[in-house]
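Here is what each chain is made of, one letter per residue.
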Amino acid sequence: YLSIYLSLVLSLPPSTTLPLHQVIHKEIPGRLSSIWARLTETGVAARCSRLKSRKATNEELELVHSREHVTRYGALQSVRGREKSGGGSEGGESDEFVKLKCGGIGKDDRTIWNEFYSAHASRIAAGSVIELASKVALGEIKNAFALVRPPGHLAERSEAREGCYFNNVAIAAKYLTTQKLCNRVLIVDWDLEHGNGLQQSFYNDPKVLVVNVHRYDKGVYFPRTGHVTCEGAGEGKGYNVNIPFSGSDQAEYGDPEYLAAFRCIIKPLAEQFCPDIVLVAAGFNAMPGHDSYNVTAECFAFMTQELARLADNRIVVALEGGYDLVSLSQACEMCLRSLLGEQITHLPAKSLKCAPNSYAVKAIEDCISIHRKYWQFGAFLTNISLSVYDAVKRDQEEVDTITALASLSMQQPNNNFSQLANGNRNSGVITPSTNTPLIQHRT
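Figured I'd write up the structure that's included with this text. Just so it is clear, the model here is predicted, and its values are computed rather than measured.

## Re the overall build of the chain
A tally of helices and strands in the chain yields 15 helices and 11 strands. Residues counted as buried form 59% of the 443 residues belonging to the chain. The long-range fraction of contacts in the chain, counting pairs at least 24 apart against all pairs at least 6 apart in sequence, stands at 77%. In the form shown here, the chain has an accessible surface area of approximately 17700 Å², with 49% of it arising from carbon and sulfur atoms.

## Some points on the sheet that holds strand β1 (residues 98–99)
Strand order in this open sheet of 3 strands is β1-β2-β3, and the pairing throughout is antiparallel. At either end of the open sheet lies a strand with only one pairing partner, and these are β1 and β3 (111–113). As paired strands, β1 and strand β2 (residues 105–108) are joined by 2 bridges and run antiparallel to one another. Of the residues in β2, the one forming a bridge with Val98 is Gly106.

## Some details on the pattern of salt bridges
Should the charged atoms of two oppositely charged side chains come close, the side chains can pair. For the coordinates displayed, the defined rule picks out 20 salt bridges. Note that Arg67 is salt-bridged to Glu62, the shortest N-O span being 3.5 Å. Measuring nitrogen to oxygen at the nearest pair gives 3.4 Å for the salt bridge that ties Glu306 to Arg309. Through salt bridges with shared partners, a single ionic network connects Arg38, Arg47, Glu333, Arg337 and Glu342.

## Structural notes on the packing of helix α1 (residues 30–41) against helix α10 (residues 325–339)
For the pair α1 and α10, interaxial distance at closest approach is 9 Å and the crossing angle is 50°. Viewed along their axes, α1 and α10 adopt a mutual orientation that is oblique. The chirality of how α1 crosses α10 is right-handed. When α1 is examined against α10, the residues Gly30, Arg31, Ser34, Ile35, Arg38 and Leu39 are found in contact with a partner set consisting of Leu325, Leu328, Ser329, Gln330, Cys332, Glu333 and Leu336. Here the contact of α1 with α10 is composed, by residue class, of 6 nonpolar, 4 polar and 3 charged.

Scoring rules and cut-offs
- Residues numbered from 1 in each chain as written.
- Predicted model: local features only at pLDDT ≥ 70, side-chain atom pairs only at ≥ 80, totals over all residues.
- Heavy atoms only, no water.
- Helix = DSSP H or I, 4+ residues; strand = E, 2+ residues; numbered from the N terminus.
- Buried < 20%, exposed > 50% of the residue type's maximum accessible area, 1.4 Å probe, protein only.
- Contact = heavy atoms within 4.5 Å.
- Areas by Shrake-Rupley, 256 points an atom, 1.4 Å probe, with all protein chains shown as cover.
- Pairing = 2+ DSSP bridges.
- Salt bridge = Lys/Arg side-chain N within 4 Å of Asp/Glu carboxyl O.
- Axes fitted to C-alpha atoms, helices over the stretch in contact; angles between N-to-C directions.
- Parallel < 35°, antiparallel > 145°, perpendicular 65-115°, else oblique.
- Left-handed = near helix turned anticlockwise from the far one by under 90°.
- Nonpolar A, V, L, I, M, F, W, Y, C, P; charged D, E, K, R; others polar.

Everything listed here is a matter of geometry and, on its own, says nothing about what the molecule does.
Printed below as a string of structure tokens:
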């Protein structure tokens, strides 16, 4: 066992009545069982401490959602007056749900519903993330990974979308700030789909900085939200940051693009915001097996490792999307290992030596252009188009020049990007050393 106390929470049950092999929906129970099988087989699960899950209360859910929404998706059939023997549509179905091709019911083909389990699972998913975030904020546990379903980042105040009924991460963040457990919460959403629900929940709130890096394709990709100009409103201006990637049909998206966004935007924002806790809406559908993106598990683990260094390691990673069972399980294992204190063994050399594609560079430049009136970006403005290796090399050259001119003794830059870039270059695999944080918490 490592000294880090890390918790896994399994939410209950299937959201479809069909046998697993007949399921045509991507948000299936097999997601959790596949992850858990891998964690067990690799021995990672045995090194984690598990906490008992709990349901979110109505009051907690209503921190983000309307009362009508909470009743619709969080109450029992009897409470909603949809018992099979009573009102509602034929067979006990809700008037708000439609018959799906699979034979079940749902809000639409992308948002299925099971009268026996969905409300229960949704409450447990939200309640478990709240529980973990609270314990991390109070210092009762070091950090946490919430292995829950259904996901939540697309759920809006009065709208369920894409299998998201309650916005788990948003509710947890609201709970932390309203209960005064935290003054500043950083949310990083790296799910392939834009976290429209997270954006809506904190659009006017300066206590919560929301950063979304997502596929956008000029507003064509679902959910068609997350334009770079959506910067927040009122006191929350500058606290909603969108990094919308487009042009995926013409350019490959993978580690170089995500590392560039992390290095040039997420890192400097996090340094300046100084969060009390970091919440990650961790979707892994940018990995192979999904929609043409090719981010590696090692890249997600690296970002988890660096975010975990913020706010004295107070971080909660909450599962969102990711539907290729092999890549999903691999990513969860790698991220858990990083939270348990294991250093990343390698990143592919291509990830560090290839420059981000021009579409990603443009997206990052546009984002910085919007937010430079609120935040400092410094030298990153000229390093966006460089690979990690070349960016570190340029930084070193600038430091050497300043050192020579000032005739002073200056310590060599000490950050994980530098260490990654200066690994074993002959093996084709970059082996990093991680002695110091990439992002240093400032008091």
